[in-house]
Amino acid sequence: MPIIHIGLDSHDTPKGGCTTHFSILLIKELLKLGVEFIDYPNLIRLNPSIPWKTRGNGAVVLRLKVPENKLAEVLDIAKNLSKEYTGKEYFKYRQPGLAVYIGKDIPHQLRVLYRKALTDVVPLDVALSIASKVGVKILVPKTHRGLVGAISSIGALQDLREDYTFELLAYRSRDYVGLRQRLIDKESVKQVELEYRDTLFNNYDFEFDEAVITPHGPDPVLFGLRGNDPEVLVKALSKIRVLEPISAWCIFRSNQATDAHLVYRRISELRPYQTCMVKATVVSKPEAIKGGHVRLMISDGSGKIYAYFYEPTSTLRKITLKLIPGDQIIVGGSVRPPSRSHPYKSINVEKLVIEKIVDTILRNPKCPRCGKTMKSAGRNKGFKCPKCGYKSNMLSKIPIKISRDVRPGIYTPPIRSMHHLSKPISRIKHENTGHRIKLIDKWCEITSL
Ligand code: ATP
């Protein structure tokens, strides 16, 4: 039976709709046809710094086995349903993407394209040219920008082997879509996160005592529960007290919470909107600037750049204020282009690794004759005492231990201000690896969509 990969993107607008919600409608129709899903629907997040994204720059890929004689029907259903979903008034200026690859193994070029879309900016014509080379079918007009996400997310399959997570997304019933508040008992979210803390993550922000599973907009998502294990997500779902109807839920496999977007780059190579990890030395004292932000000049030998820690990064910002020149750090984030208010390129930091801190400083020696701190007598000329005039080129600087209120380690912002792709500290050494995906019996329930 042929295997097909259906990539979807941009089936959402700030006024309503959501690509994952559209994918549920499509799954419902495909299940009626008797196809076999070989993977959970993939929720693939792409470059988080793309300025034209609506929310989290998410695309969805459905991977399934389809009987040869139903292949054409599957493509028709996808195409027609997409047209219907995006035909609404508020979709007028959207450019939804829908692309299909037929084949068991994903071509290498698609994998490369995915990595580019995850970490950089991909022009539409580049995505289309790769699609045409490897035989990806395009089911919407080729001018649609949503095709960048639809095509490149298909290529995520191999990279998911290195690490992946799950998100159980629950959807509102039609009568409730549009009401800003989601009727969920926050305390039950806290209890569930505590009960399954070994595998759930980023559902409750204990620092700010806040449940972070619900969006706030007019989209049909009721909440999303994130974790490492699909079985636990289903158990957790039954324990969340939900005070409005759930019309459907589905478990997605995802690159969320894996740091997949953070790639090492040199400062001299950084281009606007790229994601990056930069290994550098602090070269200036941190400065607290207007708006509660902090900035720091860093250098890696290839160049210097300001790293910005914005106010919502909270704890991360506070730690940064304790850094001093000479500290060795790694910053992860994305490149902000120069603008009128920021005339130079900078890094928006979302993760800080402090590798090595300065713990000794060198001080000029004391004068052996009068005890006053000496001054340099010039390059390679030793020291001279400003009080008694004593001179010596036998003396050298004295190392002095300093106490620091900061330790080497990995620092992230509070959960409520984390990007979807950012890996929480609790997932370190709990990565999901491998490619044998066995779907649990019930990974999706659609009642009244
Ligand atoms: P949601 O999270 O609700 O799905 P979204 O944030 O994904 O919304 P979209 O409407 O899908 O918002 O907008 C993202 C747009 O950016 C899409 O058109 C997608 O094809 C495009 N895109 C995604 N990644 C890149 C990239 N790396 N380079 C260029 N365009 C991209």
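Residues numbered from 1 in each chain as written. Predicted model: local features only at pLDDT ≥ 70, side-chain atom pairs only at ≥ 80, totals over all residues. Heavy atoms only, no water.

### Concerning helix H8 (residues 230-239)
Consideration 1: Among the residues of H8, Pro230, Val232, Leu233, Ala236 and Leu237 are the ones counted as buried. Along the axis of H8, the buried positions cluster into a sector of 150 degrees, meaning they face one direction only.
Consideration 2: Looking at the packing, one finds that the buried side of H8 touches strand S9 (165-172), helix H7 (186-195), strand S12 (221-227) and strand S13 (246-254).
Consideration 3: The backbone nitrogen of glutamate 231 has a side-chain oxygen 2.9 Å away, supplied by the residue at the start of H8, namely aspartate 229. (Buried < 20%, exposed > 50% of the residue type's maximum accessible area, 1.4 Å probe, protein only. Helix = DSSP H or I, 4+ residues; strand = E, 2+ residues; numbered from the N terminus. Arc of directions from axis to C-beta. Contact = heavy atoms within 4.5 Å. Polar contact = N/O pair within 3.5 Å; in protein donor to acceptor, adjacent residues only side chain to side chain.)

### What about the side chain of serine 299?
Consideration 1: The topology assignment puts serine 299 in strand S16 (residues 293-299).
Consideration 2: Of the residues examined, serine 299 reaches a relative accessible area of 18% and is grouped as buried.
Consideration 3: From its side chain, serine 299 meets the backbone nitrogen of glycine 301 in a polar contact 3.4 Å long.
Consideration 4: Once residues within four sequence positions are removed from consideration, serine 299 is found in contact with Ile267, Ala280, Thr281, Val283 and Lys304.

### Side note on the site of the ligand
Consideration 1: Around the ligand, the surrounding shell holds 24 residues, and the nearest of these are Arg55, Asn57, Gly58, Arg94 and Asp120.
Consideration 2: At a separation of 3.4 Å, an oxygen atom of the ligand approaches a polar backbone atom of glycine 146.
Consideration 3: Against a free-state accessible area of 640 Å², the protein chains account for coverage of 96% of the ligand.
Consideration 4: If one sorts the elements of the shell around the ligand by residue count, helix H5 (residues 146-154) sits on top with 3 residues. (Near = heavy atom within 4 Å. Areas by Shrake-Rupley, 256 points an atom, 1.4 Å probe, with all protein chains shown as cover.)

### Things to note about the pattern of salt bridges
Consideration 1: One pass over the structure, following the stated rule, counts 25 salt bridges.
Consideration 2: Salt-bridge contacts for lysine 279 lead to glutamate 355; the nearest nitrogen and oxygen are separated by 2.6 Å. Here the residue lysine 279 occupies a position in strand S14 (residues 275-282), and glutamate 355 occupies one in strand S19 (residues 346-356), the gap between them amounting to 76 residues.
Consideration 3: Of the charged contacts, one joins glutamate 287 and arginine 295 as a salt bridge, the two residues approaching to 3.2 Å between their closest N and O atoms.
Consideration 4: For glutamate 287, a relative accessible area of 29% translates into the label partly exposed.
Consideration 5: Taken together, the salt bridges that share partners define one network made up of Arg111, Arg115, Asp159 and Glu162. (Salt bridge = Lys/Arg side-chain N within 4 Å of Asp/Glu carboxyl O.)

### Observations concerning a positive patch on the surface
Consideration 1: Where like charges cluster on the molecular surface, the positive patch consists of Arg363, Lys366, Lys372, Lys375, Lys381, Lys384, Lys387 and Lys391.
Consideration 2: Of note, lysine 384 is situated in strand S22 (residues 383-384). (Patch = residues over 30% accessible without salt bridge, like charges linked within 9 Å, V, L, I, M, F, W, Y side chains within 5 Å. Lys, Arg positive; Asp, Glu negative; His and termini not counted. Charge placed at Lys NZ, Arg CZ, Asp CG, Glu CD.)

### Points about the domain arrangement of the chain
Consideration 1: As assigned here, the chain comprises domain 1 (3-160), domain 2 (165-259), domain 3 (267-359 + 402-420) and domain 4 (360-399).
Consideration 2: Taking only C-alpha atoms, the centre of domain 3 and the centre of domain 4 are 36 Å apart. (Domains from an automatic or database assignment.)

### Notes on the environment of serine 302
Consideration 1: Note on placement: serine 302 falls in the loop between S16 and strand S17 (304-309).
Consideration 2: Spatially, the C-alpha atom of serine 302 lies 8.6 Å from that of glutamate 269, the residues being 33 residues apart in sequence.
Consideration 3: Those residues within four positions of serine 302 in sequence are excluded, and the remaining contacts are Arg266, Ile267 and Ser268.
Consideration 4: One polar contact links the side chain of serine 302 to the main-chain amide nitrogen of serine 268, over a distance of 3.0 Å.
Consideration 5: Here the side chain of serine 302 touches aspartate 300 through a polar contact of 2.8 Å, side chain to side chain.

### Focus on the packing of aromatic side chains
Consideration 1: Counted under the stated rule, the structure contains 9 aromatic pairs.
Consideration 2: With 5.2 Å between their ring centres and 55 degrees between their planes, phenylalanine 22 and tyrosine 85 make a pair best called tilted. Residue phenylalanine 22 is found in helix H1 (residues 19-33), and its partner tyrosine 85 is found in helix H2 (residues 71-85); the two are separated by 63 residues along the sequence.
Consideration 3: Residue classification places tyrosine 85 among the buried positions, given a relative accessible area of 6%.
Consideration 4: Put simply, the rings of Phe37, Tyr40, Tyr164, Phe166 and Trp443 touch in pairs and so form one group of aromatic residues.
Consideration 5: The ring of tyrosine 164 has arginine 253 lying over it, and the distance from NZ or CZ to the ring centre is 4.6 Å.
Consideration 6: The ring of phenylalanine 208 has arginine 416 sitting right over it, with the charged end atom 3.6 Å from the ring centre. (Phe/Tyr/Trp six-rings, centres within 6.5 Å; stacked < 30°, edge-to-face > 60°. Lys NZ or Arg CZ within 6 Å of the ring centre and 35° of its normal.)

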